[in-house]
Amino acid sequence: MRVYLSTVSRPAADPPDADPPDAGPRRRRLALVSGNVVALGAVSLITDVSAEMVAAVLPLYLVLGLQLSPVAFGVLDGVHTGATALLRVVGGFVADRFRRRKLVAGVGYALSAVAKLGLLLAGRSVPAIGAVIAVDRLGKGVRSAPRDALITLSTPPEALGRAFGVHRAMDSVGAFLGPLAAFAVLLLVGQSYDAVFVTSFCVAALAVVVLVLFVREQPTTRPAVDPTTRPATGLTTRPAKEPANEPDEPRVSVREAFGLLRSRPARRLLLAATMLGLATIGDGFVYLVLQRREDLGLRWFPLLAVGTSLAYLVLAAPLGVLADRIGRLPVVVGGYVALGVTYLLLSGPVHGWPALALTLALYGAFYAATDGVLIALAGPVLPPRLRTTGIALVQTGQALAYLVSSVVFGLAWQAWGPQTAVRAAAVVVVGVLVVTVLLLAAPSRPILRKVSP
C-alpha cells in the first residue's frame, strides 16, 4: 500500500491539508495520514510488543501455574482493563485542561513500562499480581484518551476512520510480534516467565523514548489561513501565537467537562459504548476455551494471539477506509457480528485446525472493525476542547462494562461450564447490537454519509 507521509517536523501552524491550490484531489488521496499519526502508531507498535509478550503468557501463568479458578481469573482479567477505568476520565480532563496531551500520554506509557518490572517482585502472590496489573492498566487508561485525541486533532474529520485504521494496523503489528517474542524467549530460556517480564520492560522503555522524540503536541483549534498572506513560495506564514498556548483562552473547567453529559449525541454514544463492552469476555477466556477444545500444547498457547493479531493487522486499515466511505456505524456493527460468530464457533461441534483458524480470523476482524472505528465515530460528536475528556468517558464506560462481563463470565464458566457460558455470551452480543443500532442510527446520520473519493 503506497501512502504519502507528512514529515514529523512540519510547522505546527500548517494544517494537515495545506496543499498548494493546484495539488488537486489526487494528492489528497495519497496523503493518507499525518506524520503525527505515524509517530503515535510507532509508539503503539513498540508498546504492544511489550504488552502482548506479557498477555500471551499471563493466562497460563495464572490458571495453570497458580491454579486460579475461572472466577478468580475473571476478577483479575477485569482488573486488567476495568479497575482503573475512572482514572481515564481524570487523565483526559487533565490533558484537556492543561493542553498537555503528549505529557499525560507519556506518563501512562511510563507507568505501564514500570509495571513489567513489578511482576518480578510480585512473585506468586495473587494480591500483589493484581496490584501490579492495576498499575499497568492505570498506565493504559491514562494514555489511551490523550493518544486518540492527538490522532483526531492531527486528522481532518472526513479521514478519521482511515487515520485510526492506519494507527491500529501499526498497533496490531506489535500485537503480532509480541507473542512471537514471548514464544522465542520461552524457547531460549525454558519456562522462565521472569525473562519475559524483563524483556517486556526493555521494549516498553524504548516506546517512551520514541514518544518523547517524535510525537508533537497539537492545538485544539487551527487558525484560518488568510490567502493574502501566502508568499510567492506557497508556504504559509507562522502566526504570532500558537493557538494551544494562547494565555487568554480559558481553560477547560470541571463544569464544562460535565456538560458533555448534557449533550444527547454524547450520552447516546457513551451508553452504546458501555453496552458494547458488556458483550466482550476478553482474550484470556477466548484463548483458554480454544486451548481446551483443541487440546493444544502449552508451548503453542502464545501463538493463539498471533493469529488474532495477524487478522487485525491485515484488516485494520482497509476497514478504517471502508468506515469513512460507507459509514462507521455499519462497520462497528459488522465487527460485533463477527464477535458473535466467534462465540458460536467456540461452543459449536466443529473442531480441528480449520475451525481454529476461522475463529482467530473472525476474532481479529472484530478488533479491526471496532477498536479504532468506534473512536472515529466519537470524534465528530465531541468538541475539540473536550475531545480527550469525551474519548476518556467512552473508554471508561467500556472498561467498567468489561470488568462486569469478565466477572460474570467467570461465574458462568464455573457454574455451567465453558461451552454454555460462551453460548450465553453470543446471546448477549445479539441483544447489545439491537440496543446499539437503536441508540446510534438516528444521531449518527451526519457521520454515516459517504466521503467523496
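Everything that follows concerns the structure shown earlier in this document.
The residue numbers shown here count from 1 along each chain, following its written sequence. Owing to the predicted nature of the model, reporting of local features is limited to residues with pLDDT of at least 70; listing and counting of side-chain atom pairs is limited to 80 or more, with chain, interface and lining totals taken over all residues. The basis for every side-chain value is the complete set of heavy atoms in the structure, and neither hydrogens nor water enter the calculation.

Undergrad: Quick rundown of the packing of aromatic side chains? Include the residues and the values.
TA: A pair of aromatic rings is counted whenever rings of Phe, Tyr or Trp (Trp by its six-membered ring) have centres within 6.5 Å, and the orientation is called stacked for planes under 30 degrees apart, edge-to-face for over 60 and tilted otherwise. Evaluation of the coordinates by the stated rule reveals 9 aromatic pairs. Between Y363 and F366, the aromatic rings sit 6.1 Å apart at their centres with planes inclined by 20 degrees, giving stacked as the arrangement. One end of the pair is Y363 and the other is F366, both in helix 14 (residues 353-378) and 3 residues apart, which spans about a single turn. Under the relative-accessibility criterion, Y363 is labelled buried at 1%. Exposure is judged per residue with a 1.4 Å probe applied to protein chains only, and the accessible area is read against the type maximum: over 50% gives exposed, under 20% gives buried, and values in between give partly exposed. On the accessibility criterion, F366 (3% relative accessible area) is buried. Each member of the aromatic cluster is reached from another via a ring pair, and the members are Y287, Y312, Y336, Y363, F366 and Y367. Only DSSP runs of H or I reaching four residues or more are called helices, and only runs of E reaching two or more are called strands; each is numbered from the N terminus.

Undergrad: An account of the packing of helix 7 (residues 160-189) against helix 12 (residues 302-326) is requested, with residue identities and associated values reported.
TA: Their axes nearest at 8 Å, the elements helix 7 and helix 12 cross at an angle of 170 degrees. As summarised for this structure, helix 7 and helix 12 are arranged roughly antiparallel, according to the angle between their axes. Considering only residue class, the contact of helix 7 with helix 12 consists of 19 nonpolar, 5 polar and 3 charged. Simply put, an axis is a line fit to the C-alpha atoms, just over the touching stretch for a helix, and the angle between two N-to-C directions goes from 0 to 180 degrees. Orientation categories follow fixed angle ranges, with anything under 35 degrees roughly parallel, anything over 145 roughly antiparallel, 65 to 115 roughly perpendicular, and all other angles oblique. Amino acid classes used here: Ala, Val, Leu, Ile, Met, Phe, Trp, Tyr, Cys and Pro are nonpolar; Asp, Glu, Lys and Arg are charged; the rest, including Gly, are polar.

Undergrad: Which residues make up the packing of helix 15 (residues 387-416) against helix 16 (residues 418-440), and what values go with them?
TA: It is the contact of helix 15 with helix 16, at a shortest axis distance of 7 Å, that shows an interaxial angle of 140 degrees. In this view, helix 15 runs oblique relative to helix 16, as classed from their interaxial angle. As helix 15 packs across helix 16, the resulting crossing turns out to be right-handed. Here F409, A412, W413 and W416 of helix 15 come into contact with helix 16, specifically with P418, T420, A421, V422 and A424. Its residues placed into classes, the contact of helix 15 with helix 16 shows 8 nonpolar, 1 polar and no charged. Rotating anticlockwise by less than a right angle from the far helix to the near helix defines a left-handed crossing, while the corresponding clockwise rotation defines a right-handed one. Should any heavy atoms of two residues lie within 4.5 Å, those residues are counted as being in contact.

Undergrad: Describe the nonpolar core, and please don't skip the residues or the numbers.
TA: In this description, a nonpolar core means a group of buried Ala, Val, Leu, Ile, Met, Phe, Trp, Tyr and Cys residues linked to one another through side-chain atoms lying within 4.5 Å. In this structure, L62, Y287, L304, Y336 and Y343 are the most contacted members of the largest nonpolar core, which totals 68 residues. Residue contributions to this core peak at 9 residues, all from helix 2 (residues 35-65). Every residue in contact with L304, bar those within four places of it in the chain, is listed here: Y287, L290, L296, L356 and L360. Formed by 41 residues, the second largest nonpolar core is a distinct cluster that contains I46, V210, A257 and I375.

Undergrad: Hey, could you go over the pattern of salt bridges for me, with residue numbers and the actual values?
TA: Definition used for salt bridges: Asp or Glu carboxyl oxygen within 4 Å of a side-chain nitrogen of Lys or Arg. Taken as a whole, this structure holds 6 salt bridges when the rule is applied. In this structure, D148 and R147 form a salt bridge, with 3.1 Å as the shortest nitrogen-oxygen distance. The residues D148 and R147 share a single accessibility class, namely buried. Taking the shortest distance from any N to any O, the salt bridge between R328 and D324 comes out at 2.8 Å. Residue classification places R328 among the buried residues on the basis of a relative accessible area of 4%.

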